[in-house]
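Chain residues, written in single-letter form:
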Number of protein chains: 2
Amino acid sequence: MEPEYRNRKPKEVRRLIREGVIQSPTTGMCGGYAQGNLVILPEEMAWDFLLFCQRNQKACPLLEVSDAGSRSFSLTAEESDIPRDIPRYRVYEYGECTGEYTDVSDLFEDYQRTRGKLVSFLIGCSFSFETALLEAGIPVRQIEERVNVPMFHTNIPCTPAGVFSGNLVVSMRPIPHHQVSSAVAITASMPKVHGGPVHIGYPEVLGIKDINKPDFGDPVTIHDGEVPVFWPCGVTPQAVVMNSRPPFVITHAPGHMFITDLKNAELKD
Amino acid sequence: MEPEYRNRKPKEVRRLIREGVIQSPTTGMCGGYAQGNLVILPEEMAWDFLLFCQRNQKACPLLEVSDAGSRSFSLTAEESDIPRDIPRYRVYEYGECTGEYTDVSDLFEDYQRTRGKLVSFLIGCSFSFETALLEAGIPVRQIEERVNVPMFHTNIPCTPAGVFSGNLVVSMRPIPHHQVSSAVAITASMPKVHGGPVHIGYPEVLGIKDINKPDFGDPVTIHDGEVPVFWPCGVTPQAVVMNSRPPFVITHAPGHMFITDLKNAELKD
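Residues numbered from 1 in each chain as written. Chains lettered and ligands numbered in written order. Predicted model: local features only at pLDDT ≥ 70, side-chain atom pairs only at ≥ 80, totals over all residues. Heavy atoms only, no water.

- Per an unreviewed UniProt entry, chain A carries the name Putative hydro-lyase IO98_06135 and comes from Lacrimispora celerecrescens.
- Quoted verbatim from the Sequence similarities (unreviewed entry) field of the UniProt record, the comment on chain A reads "Belongs to the D-glutamate cyclase family." (UniProt positions renumbered as here; feature names shortened; annotations may be inferred.)

Listed below in structure tokens is the structure:
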């Protein structure tokens, strides 16, 4: 069965999300268009976070950064409304999740009226390169097995910036030996959605103790003749933000991404 | 004759610059290593400028951004001292050049003591891709003719950010017809030093009236069978900064760049 909303335009799907018609994860929606991770932070922390993203571009490839106080990603998503265009948000205060919401307009506006401006960061997501892998006939195991991609903490420190620091989080996909080189070439050509792998083959080098026990997401089958390949993961910036226990943060809920008007193919340039 | 300091290491050349032994333009020094454009701004303008660079990555590819108040590019240049490691600086106040200096330590420290913190931006430079073009047997005319690359204002607006706005400035290199495709492929593979051309062949499309009268730099010969090819130019961020007439800015003087420890070949990743 063709996934729902696969052939709809992003602007239309964002409207359906805003109207509450779509409340599900966005995986597979708007085929060919890039989806992104969302982090909304108080303006006082925005400089440090933008600097952190600049210094850790593979983990935090920025698709767009809003003007302070703006509700729109006007460069990548026409007529977008950030606090309403994602099906499910999470709000964190001092590092604790204080709720999940399908619309954060009121929270967003209340914060700006009483506490200060917010800045929204849109960070590239591996959905884009997974499409490219599938098109090249390279299997993406967690899609086959209908689970979340396995993700692991590593021993690789990110370059710190201001209040933000922490280690790289990676996602793992098992790739057949003869397709590893293609998988590297394809993903390395898409630097705005994490780029090439950080490591191929030896989980222990990254400090990963058990490949079947991911820190986030689900375990997946590694068949004979397959190699575990590790990519920088968009969970890194979220983990780093939480480390610093900021007074107020809004993010997307896992799997519920912001759908942009950017074609995946545009991310090569 | 082999150019002077071509085979020296960046750290050694930065030391010689700091000691006043080298006072000349850095063209050709430390072969294989990336050189960068410098912009030092007051902290109050740094957010807008970092956002401008994020939104205009082809014109403003960041190699490193310092912590506010820091004198060092610690990630790309070991033991560097930004106010002394460039042979010649320019200082601008409210958009007017108020002086050229071989050492701006005192100005830098005076500013920080009395007016506030400074932030230093290191922006990729086309010297890196010119080496790659030459290695592929593609001529670089302004090097052959020992002049500055011709640069032009265009009608292409940059995406504004806060106080910063302005049009793209491009550099032009005439490329033989049969090598244009190679020149595009080589430069497109190096996004941190401007990436591929913005335009090939028709200066009038960019609003350029006379290809022999550049707005900056010098005219170069276009031979029969050659096409003018236009790349985003690192003069763009400087022009945009000057447009906003900031109270205090330090930049490198033309041709006198900051030499990093980064290999040009590393800029592909």
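## A word on the overall build of chain A
In step 1: The number of helices and strands found in chain A is seven helices and eleven strands.
In step 2: Its C-alpha atoms give chain A a radius of gyration of 18 Å, within 12% of the compact-globule value 18 Å for 269 residues.
In step 3: By principal-axis analysis of the C-alpha atoms, chain A measures approximately 55 × 40 × 35 Å.
In step 4: Put simply, chain A has 269 residues, and 54% of those count as buried.
In step 5: Long-range contacts, defined as pairs at least 24 residues apart, comprise 76% of the intrachain contacts of chain A with a sequence gap of at least 6. (Helix = DSSP H or I, 4+ residues; strand = E, 2+ residues; numbered from the N terminus. Rg over C-alpha atoms; globule rule 2.2 N^0.38 Å. Buried < 20%, exposed > 50% of the residue type's maximum accessible area, 1.4 Å probe, protein only. Contact = heavy atoms within 4.5 Å.)

## A few points about the domain arrangement of chain A
Residue and element names in this part refer to chain A.
In step 1: What the domain assignment lists for chain A is domain 1 (10-125 + 244-268) and domain 2 (127-237).
In step 2: A straight line from the C-alpha centre of domain 1 to that of domain 2 covers 23 Å.
In step 3: Of the roughly 2,300 Å² buried between domain 1 and domain 2, counting both surfaces, carbon and sulfur atoms make up 66%.
In step 4: Applying the counting criterion to the domain 1 and domain 2 interface returns zero salt bridges.
In step 5: Secondary-structure elements contributing two or more residues to the side of domain 1 that touches domain 2 are β1 (33-42), α2 (43-55) and β5 (118-124).
In step 6: Considering each element in turn, the side of domain 1 that touches domain 2 owes the most residues, six residues, to α2. (Domains from an automatic or database assignment. Buried area = accessible area lost by both parts, 1.4 Å probe. Salt bridge = Lys/Arg side-chain N within 4 Å of Asp/Glu carboxyl O.)

## Looking at the pattern of salt bridges
All names here are of chain B.
In step 1: Counted under the stated rule, the structure contains 37 salt bridges over all chains.
In step 2: Residue Arg88 pairs with Glu100 through a salt bridge whose shortest N-O separation is 3.0 Å. You can see Arg88 sitting in the loop between β2 (62-65) and β3 (89-93) and its partner Glu100 sitting in strand β4 (residues 96-101), a full twelve residues away along the chain.
In step 3: Between Arg113 and Asp110 there is a salt bridge, and its shortest N-O distance comes to 2.5 Å.

## Observations regarding the relation of the copies chain A and chain B
Between the two copies of this chain, the relationship is a rotation about some axis together with a displacement along it.
In step 1: Least-squares fitting of chain A to chain B yields an RMSD of 0.0 Å, with the transformation described by 0.0 Å of translation along the axis and a rotation of 180°. The two molecules are tied by a two-fold rotation axis, judged by turn and shift. Across chain A, the smallest distance between a C-alpha and the rotation axis is recorded for A:Trp47, namely 3.0 Å.
In step 2: A shared binding surface is used by both copies, with 100% of the interface residues of chain A retained as interface residues in chain B. (Least-squares fit on C-alpha atoms with pLDDT ≥ 70 in both.)

## Brief notes about the interface of chain A and chain B
Often, the extent of an interface is quoted as the loss of accessible area on bringing the components together.
In step 1: Contact with chain A, which involves 19 residues of that partner, is made by 19 residues of chain B.
In step 2: Of the roughly 1,600 Å² buried where chain A meets chain B, counting both sides, 60% is carbon and sulfur surface.
In step 3: By the criterion of area lost to chain B, the three top residues of chain A are A:Trp47, A:Gln54 and A:Arg55, representing 35% of everything that side buries.
In step 4: Connecting chain A to chain B are two salt bridges.

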